[in-house]
Amino acid sequence: MAVFGAVYSAVIGLCVGSFLNVVAYRLPRGESVVRPRSRCPGCGGRIAGRDNLPVLSFVLLGGRCRMCGARISWRYPVVEATAGLLWLISWLTFGPTVDGLAAALFSSLLLVLATIDAAHYLLPDQLTYLTLGLGLAASFGVTWTTPLGSVLGAAAGAVALLLLIGVWYLLRRVRGMGLGDVKMLAGVGAFLGPYGMLLTLFLACLFGAVFGLLLMVRGRLGWGSRLPFGVFLSIGAVVALFFGPRLIAAYSSLL
Ligand SMILES: [Zn+2]
């Protein structure tokens, strides 16, 4: 039963990942995410069902379109595999509970936000508001926060990031982040509550700083360059979601 559940969750996650690819491709281009069926960007040919299996089709086709031979981006199977992994971890961590479903949906939203931000430096309102709304709704069922914690987390998330943007502007005279990041951290706060939100923000700044320094050392980044902060918020929120209580306990035992 446990093994069946784990495999089933991973397979659903792979299919969700396939849909997230459609959303990540079409939403920034203003296209409908439900119609029409997937087409190859190279030749415009309709992609058959047997060539649309998550990860597997990419491997079987050698990363090329069956009709025209155009290369398929490696991002598609990576997003599908990541979604499968996130749904599997949700099952392994929380089992068949409201927590498990909320964790799977939340991490899927984080994945598609990170994918779009990495490609377009954009966090679409539709997705950040959806995260906020689902987070508030989920707070009535999950065990890690309450409706009050959800509202507090959302408000504190928005205020914290606005303050950070303000301080950054005073120091560097550039806007380091956008309002999309503010809305996204509000959504994270709605899902995780104030403590999870603060842990997410701390981890995102840490990951962003490390990544930025690595790029600077390799001469790929100047002081004025932009980083897609939503990517780091996503990674931070996934860590806070699955490992937050353990991290906070480990930190408290150090003090
Ligand atoms: Zn093609």
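Residues numbered from 1 in each chain as written. Predicted model: local features only at pLDDT ≥ 70, side-chain atom pairs only at ≥ 80, totals over all residues. Heavy atoms only, no water.

Engineer: Tell me about the domain arrangement of the protein chain, residues and numbers included.
Structural biologist: Accessible area lost on assembly of the parts is the figure often given for the size of an interface. In terms of domains, the protein chain is made up of domain 1 (1-96) and domain 2 (124-255). Here the C-alpha centre of domain 2 lies 26 Å away from the C-alpha centre of domain 1. On the side of domain 2, seven residues touch domain 1, which itself brings seven residues to the contact. Three residues stand out in domain 1 for area buried against domain 2, namely L27, L86 and F94, and they jointly supply 66% of the buried area on that side. Linking domain 1 with domain 2 are zero salt bridges, by the criterion used here. Sorting elements by how many residues they give to the side of domain 1 that touches domain 2 places helix α3 (residues 75-94) first, with five residues. For the side of domain 1 that touches domain 2, the residue count by class is five nonpolar, two polar and no charged. (Domains from an automatic or database assignment. Contact = heavy atoms within 4.5 Å. Buried area = accessible area lost by both parts, 1.4 Å probe. Salt bridge = Lys/Arg side-chain N within 4 Å of Asp/Glu carboxyl O. Helix = DSSP H or I, 4+ residues; strand = E, 2+ residues; numbered from the N terminus. Nonpolar A, V, L, I, M, F, W, Y, C, P; charged D, E, K, R; others polar.)

Engineer: An account of the coordination of the zinc ion is needed here, citing residue identities and associated values.
Structural biologist: Each protein donor to the zinc ion is listed here as C40 (SG), C43 (SG), C65 (SG) and C68 (SG); together their distances run 2.3 to 2.4 Å. Every donor counted, the four donor atoms about the zinc ion form angles of 105 to 116 degrees at the centre, which fits tetrahedral coordination. Under the relative-accessibility criterion, C43 is labelled partly exposed at 38%. (Donors = N, O, S within 2.8 Å, 3.2 Å for Na, K, Ca; no water. Tetrahedral: all angles 85-135°; square planar, octahedral: opposite > 155°, others 65-115°. Buried < 20%, exposed > 50% of the residue type's maximum accessible area, 1.4 Å probe, protein only.)

Engineer: I'd like a description of unusual backbone geometry, backed by residues and values.
Structural biologist: Notably, V55 is not glycine yet its phi reads approximately 60 degrees, a positive angle. By secondary structure assignment, the location of V55 is in the loop between α1 (2-26) and α2 (56-60). Phi at Y121 takes a positive value of approximately 50 degrees, unusual for a residue other than glycine. Secondary-structure assignment places Y121 in the loop between α4 (98-120) and α5 (125-138).

Engineer: Tell me about the packing of α4 against α5, residues and numbers included.
Structural biologist: Two elements in contact, α4 and α5, have axes separated by 11 Å at closest approach and are oriented at 165 degrees. The angle between α4 and α5 falls in the class roughly antiparallel. Once α4 is placed against α5, the crossing between them reads as left-handed. Residues A102, F106, L109, V112, L113 and I116 of α4 pack against L127, T128, L130, T131, L134 and A138 of α5. (Axes fitted to C-alpha atoms, helices over the stretch in contact; angles between N-to-C directions. Parallel < 35°, antiparallel > 145°, perpendicular 65-115°, else oblique. Left-handed = near helix turned anticlockwise from the far one by under 90°.)

Engineer: Hey, could you go over α5 for me, with residue numbers and the actual values?
Structural biologist: The end-to-end C-alpha distance of α5 is 19 Å, a good match for the 20 Å that 14 residues give at a rise of 1.5 Å each. Those residues of α5 lying buried are L127, T128, T131, G135 and A138. Looking straight down α5, one finds that the buried residues subtend no more than 100 degrees of arc, so they occupy a single side. Summarising the contacts, the buried residues of α5 are in contact with α1, α4, α6 (147-172) and α7 (179-217). (Expected span 1.5 Å × (residues − 1). Arc of directions from axis to C-beta.)

Engineer: Provide a residue-level description of the nonpolar core, including the pertinent values.
Structural biologist: Core analysis: the largest hydrophobic core is formed by 42 residues, its most contacted members being F106, L127 and F229. Put simply, the parts of the chain that give this core at least two residues each are α1, α3, α4, α5, α6, α7 and α8 (229-254). Ranked by the residues each element gives to this core, the list is headed by α7, at 11 residues. In this structure, this core is formed jointly by two domains, domain 1 (1-96) and domain 2 (124-255), each of which donates at least three residues. (Core = buried A, V, L, I, M, F, W, Y, C linked by side-chain atoms within 4.5 Å.)

Engineer: Requested: an account of the environment of G219, with residues and values cited.
Structural biologist: Note that G219 resides in the loop between α7 and α8. For G219 and V142, which are 77 residues apart along the polypeptide, the C-alpha to C-alpha distance reads 45 Å.

Engineer: Can you break down the pattern of salt bridges residue by residue, with the values?
Structural biologist: Inspection of every chain in the model, using the stated rule, returns two salt bridges. When the shortest N-O distance is used, the salt bridge between K183 and D125 registers 2.7 Å. One end of the pair, K183, is in helix α7; the other, D125, is in helix α5, with 58 residues separating them in the sequence. Exposure remark for K183: the relative accessible area of 22% places this residue in the partly exposed category.

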